[in-house]
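Listed here are the chains, written in short residue letters.
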Amino acid sequence: MNPGELIMYLLIGMALAVVILLNWLILRKRKKLAITLTGLLVIGYVGSYLYYPTLKTNTHANRYEQVIEYLSETYPNREFQISPKHYENGISVGEFDVNDRNTPTMGVTLRVDKKGQVTQTATWSNRGYPTQQELWREVEFIHGDPYSLDKENAHITKDDVWIKGELTVFALTINDTPAIAVFNYSKEGYGLLQLEQGEHEGFIVVEEAGYVFIYTDERYPKESITADLENGKNVSFNVAKQKGRLVVETPQ
């Protein structure tokens, strides 16, 4: 049992002790009946305590079947991994980690309540701590709407990367459009600073930490681009020979 359940049974035991005491006060002249009722209450309490782990195991098994039925009806053309199948100490009864077999590194937590209602309570990722070169894969999880089983995953590829100390910048293609993702990375932690996406066959310009990052789609029809920088200047960049690559400039 978890601490909350132990506290629950402790409170029930205290309430039961009060009931037994009142029972003896009321039936003090009928000791046999008082003993009988006390015995029944104690046996019921101990029996409930001993049966409770089995109850949780059976309840979890039933809700496992319910979540399978829910997934098969809601997503008939998809295959999922569901865990844990059997109840384990330390988990919540009727709570399952679920992921599409095509995305084994990220998924959702589904909870089945007493009425058989299934709700998503959380999302998860088991990628572990990424290397600096693989930070871009975090975009798969955070791009667009919050992750859910209904979310259509974006098609993302890494086209280039620039690293200077903790600053890590990726040129990406997201659903056939150019994008730039800027991360801060260290052994203590990492975080996304910016994620900007351009237009189809277009370009994207991002400023961060005194640098200007430019990524132009290889199919962009022009040889130069123009951008308004944070310092108020309108600047043109020649990208004729740098399409499909991450270009790094320092604004003057």
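Residues numbered from 1 in each chain as written. Predicted model: local features only at pLDDT ≥ 70, side-chain atom pairs only at ≥ 80, totals over all residues. Heavy atoms only, no water.

## Points about the overall build of the chain
On a plain count of helices and strands, the chain comes out with three helices and 13 strands. Computed over the C-alpha atoms, the radius of gyration of the chain is 30 Å, more than 25% above the 18 Å expected from 2.2 N^0.38 for a compact globule of 252 residues. Taking the principal axes of its C-alpha atoms as reference, the chain extends roughly 105 × 40 × 30 Å. Counting the 252 residues in the chain, one finds 35% classified as buried. Contacts in the chain between residues far apart in sequence, at least 24 positions, make up 41% of those at least 6 positions apart. One way to put it: in the chain the 25 positive side-chain charges average out to a point 16 Å from where the 32 negative ones average out. (Helix = DSSP H or I, 4+ residues; strand = E, 2+ residues; numbered from the N terminus. Rg over C-alpha atoms; globule rule 2.2 N^0.38 Å. Buried < 20%, exposed > 50% of the residue type's maximum accessible area, 1.4 Å probe, protein only. Contact = heavy atoms within 4.5 Å. Lys, Arg positive; Asp, Glu negative; His and termini not counted. Charge placed at Lys NZ, Arg CZ, Asp CG, Glu CD.)

## A few points about the nonpolar core
In this structure, V67, L71, I82, F96, V98, L110 and L149 are the most contacted members of the largest nonpolar core, which totals 16 residues. Elements with a contribution of two residues or more to this core: helix 2 (31-74), strand 1 (80-83), strand 2 (95-100) and strand 3 (106-112). Sorting elements by how many residues they give to this core places strand 3 first, with four residues. Contact partners of V67, with chain neighbours within four places excluded, come to I82, F96, L110, V112 and V118. (Core = buried A, V, L, I, M, F, W, Y, C linked by side-chain atoms within 4.5 Å.)

Shape descriptors only; they carry no functional weight alone.
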